[in-house]
Amino acid sequence: MTHFSSIRPFFALLCVVAAVVSVGCTKKGKDLEITVPGQGKLTLPHKETLRVRIETEPPSIDWHKATDTTSALVTENLMDGLVGYDFSKPEPDVAPALAEKWRSKDNRVWTFTLRQGVVWSDGQPFGPQHVVDGFKRLLNPMTASEYAYFLYPLKNARAFAEGKLKDFAQVGVRVTGPNEVTVELDKPMSYFPFLLTHHSTFPVRQDVIDKHGDRWTEPANIVTIGPFRLKLWEHDKQLVMERNDAYYGVKPQLKYLVGLIIQEASTAINLFESGRVDALNSLPAQQIRELKKRKEFKAVGNLTIQYYGFNIEKKPMDNVKIRQAIAHAIDRQEIVNVLAGGQIPMTSFVPVGMFGYEAGRGRTFNIEKAKGLLKEAGYDDPTKIKIEFRSNQNENHQLIAENIQAQLKRNLGVSMEIKNEEWKVFLNTVKVDPPPMYRFGWQGDYPDPDNFLNLMTSYSENNRTRWKNKKYDDLIEKAATESDRERRRQIYAEAQKMLVEDDVPLVPLYTGVSHHMIAERVENYPVNILARYRYNEVRVK
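Note that the coordinates shown come from a computational prediction; the quantities given were computed from them, not determined experimentally. (Residues numbered from 1 in each chain as written. Predicted model: local features only at pLDDT ≥ 70, side-chain atom pairs only at ≥ 80, totals over all residues. Heavy atoms only, no water.)

**Student:** For the packing of helix α9 (residues 320–329) against helix α11 (residues 367–376), give the residues involved together with the corresponding values.
**Tutor:** Any two packed helices are characterised by how steeply their axes cross, that is the angle between the axes, and by the distance between the axes. The N-to-C vectors of α9 and α11 enclose an angle of 165 degrees; their axes lie 8 Å apart at closest approach. What the angle tells us is that α9 and α11 run roughly antiparallel. Seen along the crossing, α9 lies across α11 with a hand that is left-handed. Only Ile 367, Lys 369, Ala 370, Leu 373, Leu 374 and Glu 376 of α11 make contact with α9, whose side of the interface consists of Lys 321, Ile 322, Gln 324, Ala 325, His 328 and Ala 329. (Axes fitted to C-alpha atoms, helices over the stretch in contact; angles between N-to-C directions. Helix = DSSP H or I, 4+ residues; strand = E, 2+ residues; numbered from the N terminus. Parallel < 35°, antiparallel > 145°, perpendicular 65-115°, else oblique. Left-handed = near helix turned anticlockwise from the far one by under 90°. Contact = heavy atoms within 4.5 Å.)

Shown next, in the form of structure tokens:
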């Protein structure tokens, strides 16, 4: 789920910038006015409205198809799953959501008891069939969801998703009572409820999709069940969500949640400083040192990994020696020094702070080893190696790319051409035709190494490297069902060796830190290690 000028402008210039992102030029502290198609003008009271920056247009708010953190920020405020999170504990734990409780005697058959009296945003009662419909749609090959593999632990789920089984009734999920759903897995899995916190497993109103087709997520059509409902979506400008007064859980303190689509980080900071944006969930590296001094600044370590992936079918990355050499030629400490935000250099693919992390795992910075590997690959003259690299448009990502470009040139003589694309275009590029090298990141969906290492299995739709290794797949599947913690750790160690030392379809760079600017008028802002931004408990003054 992917995929993170301090000078204040004159007010007249700010008005031009603000108009572009639809925040208007009302003075600080004033109400906002929007126009809702078919409903006319609507006033958003300043004391009941939170305005957060969204970095780009959400590629999709269809929760079965969304793959990125931008889209997830929206879907996780519009929807709930069977299971949610409790962030009040030292380590995140699962908590009841649409399911008030669940049970399993053997960790293979799980029964979920649903809350009664829950209704969708159109007033229709929520029931167990909506859960089954959600699972079916996620696994349906026609949906082409990149997260279908999340439900592969279910009996016959993978066969159905791959089109080998046509009868969904044979898949391990069924309605077993008026408020009960039972899930049957192929093998025991103690952490299965964690999977159901992810937006891809959320229930769905299939009748709404059947009626509206691809436009079912537009504000006039979408039906949801979370703390907010979608009021307005001005594409490439803003989304406005309104409190769902029928929500079964903690009722939002806010009446409106506004997501302002602001691509340029410097523009976002200027708007924050002028009081027109209340919260920023990422900050430009060039300004971190200064922003840290501000009382509005907040930082928290999170379970993320930033990495460079290789398309191992394209030259020169089809040569494993070159991939290994690049892994040795990058000084991760230099990268985090550039970012200056507390990030931790990584050679392991499992992030610091998570079970399964190994400090010594991976190929560390060693120029002589890198040069030796290039010679073994047949390149006595490394200047002949040209690498095409792509990333999405982002100031921090550009800084990192330029640093690595300089390192490869300085350390090996290898040339790296940088190309940047708009977020939606970039996601499509790495899906359809991945370049030889590309930037990607992964934000943990649940606090287990399976969530990171499963990403690179041969059947994961989030694996863009074209790397497939049956032995690796077998290890990840074996670890998922292993109940002995130390044995599980050993299995993951063996898998990680294959991933970041032997075959090297990717190079881990660092584990992230979330940097925020949160206005003083905002209370209870959701800052947590999984970067889950649920706003129903936020208050504004």
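**Student:** Residues and numbers for the environment of Leu 254, please.
**Tutor:** Relative to the helices and strands, Leu 254 resides in the loop between β11 (238–243) and β12 (256–261). Classification of Leu 254 as buried rests on a relative accessible area of 0%. Expressed as a C-alpha distance, the spacing of Leu 254 and Thr 49, which sit 205 residues apart in the sequence, is 5.8 Å. For Leu 254, the contacting residues outside a window of four places in its chain are Glu 48, Thr 49, Leu 50, Phe 228, Arg 243, Tyr 535, Val 538 and Val 540. (Buried < 20%, exposed > 50% of the residue type's maximum accessible area, 1.4 Å probe, protein only.)

**Student:** Can you tell me about the pattern of salt bridges, naming the residues and giving the values?
**Tutor:** For the structure on display, the rule yields 38 salt bridges. Of the charged contacts, one joins Lys 321 and Glu 376 as a salt bridge, the two residues approaching to 3.0 Å between their closest N and O atoms. Of this pair, Lys 321 sits in helix α9 while Glu 376 is found in helix α11, placing the two residues 55 residues apart along the sequence. Residue Glu 376 is classed as exposed on the basis of its relative accessible area, which comes to 55%. In this structure, the salt-bridge partner of Glu 523 is Lys 541, at a minimum N-O distance of 3.9 Å. With a gap of 18 residues between them, Glu 523 in strand β22 (residues 522–523) and Lys 541 in the segment after β23 (539–540) connect regions that are remote in the sequence. A residue is classified by how much of its surface remains accessible, and Glu 523, at 28% relative accessible area, is partly exposed. Taking the relative accessible area as the measure of exposure, Lys 541 reaches 53% and is therefore exposed. Taken together, the salt bridges that share partners define one network made up of Arg 158, Glu 162, Lys 164 and Glu 477. (Salt bridge = Lys/Arg side-chain N within 4 Å of Asp/Glu carboxyl O.)

By themselves, these observations are geometric and do not establish any function.
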